[in-house]
Amino acid sequence: MTTKKIVLTIIAMAIPLGFLLYPFGYLVLMGCVESGSYQPPPALPIPEYTDLFSFPKSGIPEGKKAGSVNLTAVIIIPEFKDTLNQEYAGGAKVSAGGAMTKDMIKVFKSFAGSIGEDVEARLVAKGMTTKGPFALSEVTYPDKKGADLTVMINVIFDIQYTNQKALRSAQFVGGRQGMISSGNMSVGVKVFYYMLEPLSEEKMWIKKLDLGVQDFNYEFARGQEQYVSGTHFVSDGCGGGYNRTDYAWRDMDVYLYDGRAKIFSDILKDAYPQVMKTANVYFDVNEMLNLKAKSQEIRERKRY
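In this text the structure is predicted, and so the values were computed from the model without any measurement. (Residues numbered from 1 in each chain as written. Predicted model: local features only at pLDDT ≥ 70, side-chain atom pairs only at ≥ 80, totals over all residues. Heavy atoms only, no water.)

Caption draft 1: A look at the environment of P40. Among the secondary structure elements, P40 is positioned in the loop between β2 (25-28) and β3 (72-76). In this structure the C-alpha to C-alpha distance between P40 and Q171, which are 131 residues apart in sequence, comes to 9.8 Å. (Helix = DSSP H or I, 4+ residues; strand = E, 2+ residues; numbered from the N terminus.)

What follows is the structure, encoded as C-alpha cells:
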C-alpha cells in the first residue's frame, strides 16, 4: 500500500458515518424520514353560541284593568349609542369603525325588542293604554297626536379593546381555515329613561341607571382562504430545475366564531332584570299623569 493510500484510509476512518470526502469539503448524506408516520393535528371544533338572542320576558304582576288610567303612551323600542361611534343605531347607519360588531348589534336588537314588549306589558298592567312598540322614526302622526306621552329607553355603551393580537392559524372542522386572535375588552353600560311630548319629541323627564364597567378576555377566529402568491424557480443543482407555485392564506372578512358577541349577550342578560325593575319604578302612574298635564301645555304653547 502506498503512503498516499494509507493517508486517505486513515482520513476516511476518522470521518463519521454519513459523510463522504469531497475536494475542499464534506458531503452530508441525509437519511429519509418515513412520510407515513406524520399525523396532522386534529381539526378544531367551531364554538356554537345558541343562546345569544334569547331574552325571556320578565314576569308581569297582575295589575289594574286595561284602560282604567286616563293616559295613552307611545312605547319606543330602545336604541343604543356606541361612544366610539357616536351614532344612535336604532335605525341609523352604524359605521365600520364603531366598537359594536355585526353580531353584537344583532344581540342588542333582540334585547331591545324584548325590553320594548316588557315595558308595554307593564304599562298596560298599570291601567294605561299603549301604542307600539315602535322605532322612534316610525311613529305616525295620528299615533303621536292621540298619545299623551312617549316613553323611551336608550342605552349608552362604552366599549374599549386592548392588547388584541393574532395567536395562530388553525384548521377547523369542515376543512375551514382560520386565524385565531385574542384580546381584552371593557364594557361600560348606562341606561337612560325618557318621557317626551309625542308631537314635538321634547324631552320632559330623564332618569339614568349606571350599570358600571366590566372587563373581559375574548377570543375570535376569522376565516382564511388559500391563494396563489407567486411562482419561483427551484434549481436541482445540476443545471436544471422546475417552477414551483407558492401558496399563502388571506383573510376572508368573515368570523368563524366571535367570543365578543357571547360576552356582550351575557352582559345584557345580566342587566335585563335590573333595567326592567328600574323601568317599573321610574314609569310611575302618578308621575306620568303629572307629565300628561305638562305635555298638554307644550302642545298649546307650540299650537299643535
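Caption draft 2: Region of the structure containing the nonpolar core. If you look at the biggest cluster of nonpolar residues, it comprises 51 residues, and the most contacted ones within it are F108, F157, F283 and M288. At the level of secondary structure, the elements contributing two or more residues to this core comprise β3, α2 (102-125), β6 (149-172), β7 (176-196), β8 (203-235), α4 (259-282) and α5 (285-302). Among all residues touching F157, those that are not within four sequence positions of it are F80, K81, D82, T83, M100, F108, G188, V189, F264 and L268. In this structure, V74, V139, A147 and F192 belong to the second largest nonpolar core, which totals 10 residues. (Core = buried A, V, L, I, M, F, W, Y, C linked by side-chain atoms within 4.5 Å. Buried < 20%, exposed > 50% of the residue type's maximum accessible area, 1.4 Å probe, protein only. Contact = heavy atoms within 4.5 Å.)

Caption draft 3: Geometry of α4. The end-to-end C-alpha distance of α4, which contains 24 residues, comes to 34 Å, matching closely the 34 Å that a straight helix rising 1.5 Å per residue would cover. The N-cap of α4, judged by a side-chain oxygen 3.0 Å from the amide nitrogen of R260 a few residues on, is D258. (Expected span 1.5 Å × (residues − 1). Polar contact = N/O pair within 3.5 Å; in protein donor to acceptor, adjacent residues only side chain to side chain.)

Caption draft 4: Highlighting the packing of aromatic side chains. Here the structure, examined in full by the defined rule, presents 17 aromatic pairs. Look at F80 and F157: their rings are 6.2 Å apart centre to centre, the planes differ by 55°, and that puts the pair in the tilted class. On the criterion of sequence distance, the pair formed by F80 in strand β4 (residues 79-82) and F157 in strand β6 is long-range, its members being 77 residues apart. Residues F108 and F111 carry aromatic rings whose centres are separated by 5.8 Å and whose planes lie at 40° to one another, so their mutual orientation is tilted. Here the residue F108 and the residue F111 both occupy positions in helix α2, the gap between them amounting to three residues, near one helical turn. There is no split in this pair, since F108 and F111 are both buried. (Phe/Tyr/Trp six-rings, centres within 6.5 Å; stacked < 30°, edge-to-face > 60°.)

Caption draft 5: Structural view of the pattern of salt bridges. With the rule as written, the count across this model stands at nine salt bridges. Among the salt bridges present, the one from D148 reaches K292, with a minimum N-O distance of 4.0 Å. Taken as a pair, D148 in the loop between α3 (141-145) and β6 and K292 in helix α5 lie far apart in primary sequence, 144 residues in all. A relative accessible area of 16% means that D148 is categorised as buried. Overall, the relative accessible area of 11% leaves K292 in the buried class. R222 is the partner of D253 in a salt bridge, and the nearest nitrogen-oxygen pair spans 2.9 Å. Within this pair, whereas D253 is found in strand β9 (residues 241-258), its partner R222 is found in strand β8, the two being separated by 31 residues in sequence. Classification of R222 by relative accessible area gives buried; the value is 17%. Shared partners join several salt bridges into a network, and the residues in it are D51, K262 and D266. (Salt bridge = Lys/Arg side-chain N within 4 Å of Asp/Glu carboxyl O.)

Caption draft 6: Main features of the layout of surface pockets. The calculated volume of the largest pocket comes to roughly 370 Å³. In terms of lining, the largest pocket is formed by 16 residues, of which the most central are K102, D103, V254, Y255 and D258. Elements that contribute at least two residues to the lining of the largest pocket include exactly α2 and β9. Per-class residue counts for the lining of the largest pocket are nine nonpolar, one polar and six charged. (1 Å grid on protein atoms, 1.4 Å probe; cavity = no way out; pocket = protein on both sides within 12 Å on 5 of 7 lines; lining within 4 Å. Points joined across faces, edges and corners; volume = space filled by probe spheres on them. Nonpolar A, V, L, I, M, F, W, Y, C, P; charged D, E, K, R; others polar.)

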